[in-house]
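Inside the fold
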Amino acid sequence: GRPLDPSPRGCDPEGVAALADGGFWVSEEYGPSLMRVGADGVVRTRWVPQGVDLPGAEPRLPVRALKRRLNRGFEGLTASADERWLYLVFQSALADAPQEATLIWKLDARDGSLCGEFIYPFDPPASFPRDRAAGEADAESLKVCELVWLGPDRLLVLESITRDSRLYVVDLTGPGPLAKTLAFTTDD
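Notes on the structure in this doc start here. (Residues numbered from 1 in each chain as written. Predicted model: local features only at pLDDT ≥ 70, side-chain atom pairs only at ≥ 80, totals over all residues. Heavy atoms only, no water.)

A look at the environment of leucine 77
Quick reminder of the rule: The secondary structure listing takes helices from DSSP runs of H or I that are at least 4 residues long and strands from runs of E that are at least 2 residues long, numbered from the N terminus. Residues are treated as being in contact if the distance between any of their heavy atoms lies within 4.5 Å.
Looking at the element boundaries, leucine 77 is found in strand β6 (residues 74-79). It is 7.5 Å that separates the C-alpha atoms of leucine 77 and valine 148, two residues lying 71 residues apart in sequence. Excluding anything up to four places from it in sequence, leucine 77 contacts Gly15, Val16, Ala17, Trp25, Val26, Ser27, Leu34, Leu86, Tyr87, Leu88, Glu146 and Leu147.

This is how it looks when you write it as structure tokens:
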């Protein structure tokens, strides 16, 4: 019950991507950072945005990650079946961006390099009926909570506010705007 002092090495884990060797990748939103954890639970690698000086961490991620809103950093995380690619999503829009969309990043799992950036458009806040009825349907409340890998550059994305949630199949391969197909909604 004793409060701990703040630590720059602390983290707020969110997304988990299980790996064949029993280890996993973990995304965390406050750093934000990505951690490669062994099957024994020991953090093997921690990647942080470039410019962040954190003992034991490697500055491999784009500096733009530092523009995440407080408590709205790296949320969902998934890995491709061959574990070559990591896909992660910011829970909400970056602090300096319009609130109607967030970003999905495709990273090289070997070195953390950014291989693709995709703009994920949120549904209009007013289209979430129970959140609208509760007076909580505004652009700043929109969020993506999870990702699941379905196939090469295809993801299942969980979008929500508080009371309403939707699952979308997202295709990252096409030109132009991101293609979203509704797979499930709690609206009805």
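Describing the nonpolar core
Quick reminder of the rule: Each nonpolar core is a collection of buried residues, namely Ala, Val, Leu, Ile, Met, Phe, Trp, Tyr and Cys, held together in the definition by side-chain atoms within 4.5 Å. Burial here depends on accessible area, computed with a 1.4 Å probe over protein chains only, as a share of the maximum for the residue type. Under 20% is buried, over 50% is exposed, and the range in between is partly exposed.
Within the largest apolar cluster, 18 residues are counted, with the highest numbers of intra-cluster contacts made by Trp25, Leu34, Phe74, Leu86 and Trp105. Among the elements of the structure, β6, β7 (85-90) and β8 (101-108) are those that each provide at least two residues to this core. By size, the runner-up hydrophobic cluster in this structure holds 17 residues, among which are Ile104, Val157, Ile161 and Tyr168.

Some thoughts on the pairing of strand β10 (residues 143-151)
Defined as follows: A pair of strands is labelled paired if DSSP reports no fewer than 2 bridges between them.
Of the strand pairs in this sheet, β10 and strand β11 (residues 154-160) are connected by seven bridges, and their pairing is antiparallel. What sits directly across from valine 144, in β11, is glutamate 159. What sits between β10 and β11 in their antiparallel hairpin is a turn of two residues, with aspartate 153 showing a positive phi close to 55°.

What to know about the pattern of salt bridges
What counts, and what does not: What counts as a salt bridge is simple: a side-chain nitrogen of Lys or Arg found within 4 Å of a carboxyl oxygen of Asp or Glu.
The tally for this structure, following the rule as stated, stands at 15 salt bridges. Note that aspartate 108 is salt-bridged to arginine 84, the shortest N-O span being 2.8 Å. With a gap of 24 residues between them, aspartate 108 in strand β8 and arginine 84 in the loop between β6 and β7 connect regions that are remote in the sequence. On the basis of relative accessible area, aspartate 108 is assigned to the buried category, the value being 4%. Of the charged contacts in the structure, one is a salt bridge between aspartate 123 and arginine 166, with a shortest N-O distance of 2.7 Å. With a gap of 43 residues between them, aspartate 123 in the loop between β9 (114-121) and α1 (129-133) and arginine 166 in strand β12 (residues 165-171) connect regions that are remote in the sequence. The exposure classification of aspartate 123 matches that of arginine 166, with both residues buried. Each member of the salt-bridge network shares a partner with another, and the members are Asp123, Glu159, Arg166, Lys180 and Asp187.

Some words on the environment of lysine 143
Of note, lysine 143 is situated in strand β10. According to the relative accessible area criterion, lysine 143 is buried, its value standing at 17%. Along the primary structure lysine 143 and tryptophan 85 are separated by 58 residues, whereas in three dimensions their C-alpha atoms are 23 Å apart. Dropping the residues within four chain positions of it, lysine 143 is found in contact with Arg72, Gln91, Ser92, Phe122, Leu158, Glu159, Ser160, Ile161 and Thr162.

Thoughts on the pairing of β12
The pairing of β11 with β12 spans seven bridges and is antiparallel. Counted as the bridge partner of leucine 158 is leucine 167 from β12.

Topic: the environment of leucine 114
Note on placement: leucine 114 falls in strand β9. Through-space distance from the C-alpha of leucine 114 to that of proline 62 is 7.3 Å; in sequence the pair is 52 residues apart. The residues touching leucine 114, leaving out its near neighbours within four places in the chain, are Pro62, Trp105, Lys106 and Leu107.

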